[in-house]
Amino acid sequence: MRVLILGADGYLGWPTALRFSVRGDDVLALDSGVKRRWEQEVGALPLFPTLDFRERAARWRDAGGAPVETVVCDLCDYPALAQVLRRWRPDAIVHFAEQPSAPFSMMSVERAVLTQTNNLVGTLNLLWGMREACPQAHLIKLGTMGQYGTPNIDIEEGFIDIEHKGRRDRLPFPSQPGSFYHLSKVHDSHNMRFACAAWGLAATDLNQGVVYGIETVETGPESEQGGSFHYDAIFGTALNRFCVQAAAESPLTIYGAGAQKRGFINICDVLDCIEIAARHPARPGEYRVFNQFTQVFSIAELADLVADSAGRLGLRTTTERLANPRSEAAEHYYNPVADGLKALGLTPRLLTPEFVETMLRAIAPHASQIDLSTIRPATRWR
Ligand code: USQ
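Remember, it's a predicted structure, so these values are computed and weren't measured experimentally.

Chemist: Which parts of the structure should I look at to understand the sheet that holds strand E3 (residues 69-72)?
Modeler: Reading across from one edge, E3-E2-E1-E4-E5-E8-E12 is the order of the seven strands in this open sheet, with parallel pairing throughout. Each of the sheet's edge strands pairs with one partner strand only, and the pair in question is E3 and strand E12 (287-292). For this sheet the average axis-to-axis angle between neighbouring strands, irrespective of direction, equals 20°. The sheet contact formed by strand E1 (residues 2-6) and strand E2 (residues 26-31) spans five bridges and is parallel. Within E2, the residue paired with arginine 2 across the bridge is aspartate 26.

Printed below as a string of structure tokens:
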């Protein structure tokens, strides 16, 4: 396949580019570099030194990997994006190129507007560019489980069969997102669904849970090929943050009582899911949704798991319950479905204490670089 990876400089984008490269697909890796500017602005740098994706591509080739082409392009620049699509003529487009942080989107009016402008305009340009340049391509777009919120019913994969006043229909599952970032993904989903129906495009929305892990099979351990791994309160996410906090012997920051539940997924399973979606594309005119997580945990359960693993490695770890900076349900029902990707062949790697210990061991040599001032949440929803 000819694969175009959008957002190739990020935590998931570069490992995904390598996955397709290793499989023998032709890969074009695209990024604007804007995430690095946002990181600088808010003072939140990845834990491990992360080479620019063009440099990683050069070293990958020098080490004998198949060439990964690179291009610097902003999806918000329609003429530039359309030119890339016309030149590359992708079979599959994997779209990570969005502002990915809920706290970032809640910091100020400017960052809320930036999040929604960047994410919505980029995806809308992409849909129009596909219509113009490559209407046969399959769009694989990263959505979020946070689109659904925490309703008091089971969460289906994108759609729900409902009966209303004696009539039945299959409709988009209700959205109750918890930040302007999560809202941007909802708005993207509507635009994608409409573009598929109106123009016959093919798209898969992957509503992804919280991703954890450092390395993948393709990047390898302690490697210059690693993606950008965050632990700060803005771009870092729950399990990755807890592992870094444990390695620094800093208290694990549970927001509220920690009874809120979320879906989680190993970074290696993310790559499997994306590859599965690419090898089993949506049909022309089809907009489909898969929920992309493998396990549900409460935040307190996760913190306990990390604290126990850290204890076995001789680290002195405590947990700290902070007043929740977010507006989210403290206690709630949570039973999301995630059958679609498994039906197509996903075999989940379940989270084990041994895996957490592997993460802690990978972080330990970098413990002196952990900037503890970035760990506590400074952005409040209210
Ligand atoms: N949380 C803590 N302590 C922390 C960090 C987070 O208790 O130190 C809690 C939060 O209150 C929240 C949960 O952990 O209830 C998840 O927060 P998170 O920061 O790990 O993840 P979130 O903001 O939800 O966003 C992340 C990614 C986003 C992706 C989303 C998937 O940044 O791009 O869309 O996970 S999901 O959460 O399923 O919507």
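Chemist: Help me understand the site of the ligand, please; the structure alone is not making it clear to me.
Modeler: Residues in contact with the ligand amount to 23 residues; listed here are only the nearest, Thr144, Tyr181, Ala238, Thr253 and Glu328. In the environment of the ligand, an oxygen atom lies 2.8 Å from a nitrogen or oxygen atom belonging to the backbone of proline 100. Between threonine 144 and the ligand, the recorded distance is 2.7 Å, taken from a side-chain N or O atom to an oxygen atom. A total of 730 Å² of accessible area belongs to the ligand in isolation, and the protein chains cover 93% of it. Here the residues of the shell around the ligand sort into ten nonpolar, nine polar and four charged.

Chemist: I'm lost on unusual backbone geometry in this one. Help?
Modeler: Backbone geometry follows two general trends: most residues other than glycine have a negative phi, and most peptide bonds adopt the trans configuration. One non-glycine residue, arginine 89, lies in positive phi territory at about 45°. Relative to the elements of secondary structure, arginine 89 occurs in the loop between helix H4 (78-88) and strand E4 (92-95). Classification of arginine 89 as partly exposed rests on a relative accessible area of 49%.

Rules of the game
- Residues numbered from 1 in each chain as written.
- Predicted model: local features only at pLDDT ≥ 70, side-chain atom pairs only at ≥ 80, totals over all residues.
- Heavy atoms only, no water.
- Pairing = 2+ DSSP bridges.
- Helix = DSSP H or I, 4+ residues; strand = E, 2+ residues; numbered from the N terminus.
- Axes fitted to C-alpha atoms, helices over the stretch in contact; angles between N-to-C directions.
- Near = heavy atom within 4 Å.
- Polar contact = N/O pair within 3.5 Å; in protein donor to acceptor, adjacent residues only side chain to side chain.
- Areas by Shrake-Rupley, 256 points an atom, 1.4 Å probe, with all protein chains shown as cover.
- Nonpolar A, V, L, I, M, F, W, Y, C, P; charged D, E, K, R; others polar.
- Buried < 20%, exposed > 50% of the residue type's maximum accessible area, 1.4 Å probe, protein only.

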